[in-house]
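# Results of the structural survey
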Amino acid sequence: MVEFIQADLGVHRALLVDLNEEYLGWIVGNLQKLYGIDAMSIVHQTVRQYAERTIDEIAVFVPPEGIFYLLKEGENAIGMGGLRRVRKGVAEIKRMYVKPEYRGKGLGKALLQQLLRKGQEFGFSLILLETGKFMTAAHRLYRSAGFAERPEYPETEVPPELRPLWLFMEKSI
């Protein structure tokens, strides 16, 4: 059985860093393979360093400012995703990721629905997200939940050099 556990950086930081490193490594690999871009030279860090730094920025939010989930099956960390306040009434979905061997079971959809419910519960009226143009399965999921493309937003963590390769989306709730 898969559990959605509210992440606590004091307890789950190592697991979240490992998941983030896996997720970000997949992104970096795709940017290199598809576009010939060395993304880590843009941010001047290794994937691990970037994962360690950014998890502290995105998983630190607690209700009602946001929430971050760790998905576990038994003792195995199998996914993650979060929601964070970016400004009054507006939140951003961050780092939705399910390990490849657990995909196709509806976990991404369940996580997205949970984050949207929490967004409503916390009083947000607009939810933003960013996704690489190559992440076509994610696009289908987000569109099926009512997200639509929009211009980039100021709070994005995507480096300016990579923004042409990203989609920015929003949903009113």
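Heads up: these notes are all about the structure in this document. This one's a predicted model, so the numbers in the text were calculated from it and none came from an experiment.

Turning next to the packing of aromatic side chains. Tallied over the full model, the rule gives 6 aromatic pairs. Consider the rings of Phe 4 and Tyr 69, whose centres lie 6.4 Å apart with planes at 70 degrees: the pair is edge-to-face. In this pair, Phe 4 is assigned in strand β1 (residues 2-6) and Tyr 69 in strand β2 (residues 66-73), connecting sequence segments 65 residues apart. By relative accessible area, which is 30% here, Phe 4 ends up partly exposed. Taken together, a centroid distance of 5.7 Å and an interplanar angle of 85 degrees make the contact between Tyr 153 and Phe 168 edge-to-face.

Next up on the list: helix α1 (residues 9-35). Spanning 27 residues, α1 covers only 34 Å between terminal C-alpha atoms, well under the ideal 39 Å at 1.5 Å per step. Roughly 35 degrees is the biggest bend found in α1, and it falls at Leu 15. The N-terminus of α1 is capped by Asp 8, whose side-chain oxygen sits 2.8 Å from the backbone nitrogen of Gly 10. Looking at the residues trailing α1, positive phi occurs at Gly 36, about 70 degrees.

Rules used in this analysis
- Residues numbered from 1 in each chain as written.
- Predicted model: local features only at pLDDT ≥ 70, side-chain atom pairs only at ≥ 80, totals over all residues.
- Heavy atoms only, no water.
- Phe/Tyr/Trp six-rings, centres within 6.5 Å; stacked < 30°, edge-to-face > 60°.
- Helix = DSSP H or I, 4+ residues; strand = E, 2+ residues; numbered from the N terminus.
- Buried < 20%, exposed > 50% of the residue type's maximum accessible area, 1.4 Å probe, protein only.
- Expected span 1.5 Å × (residues − 1).
- Bend = angle between axes of the 7 residues up to and from the residue.
- Polar contact = N/O pair within 3.5 Å; in protein donor to acceptor, adjacent residues only side chain to side chain.

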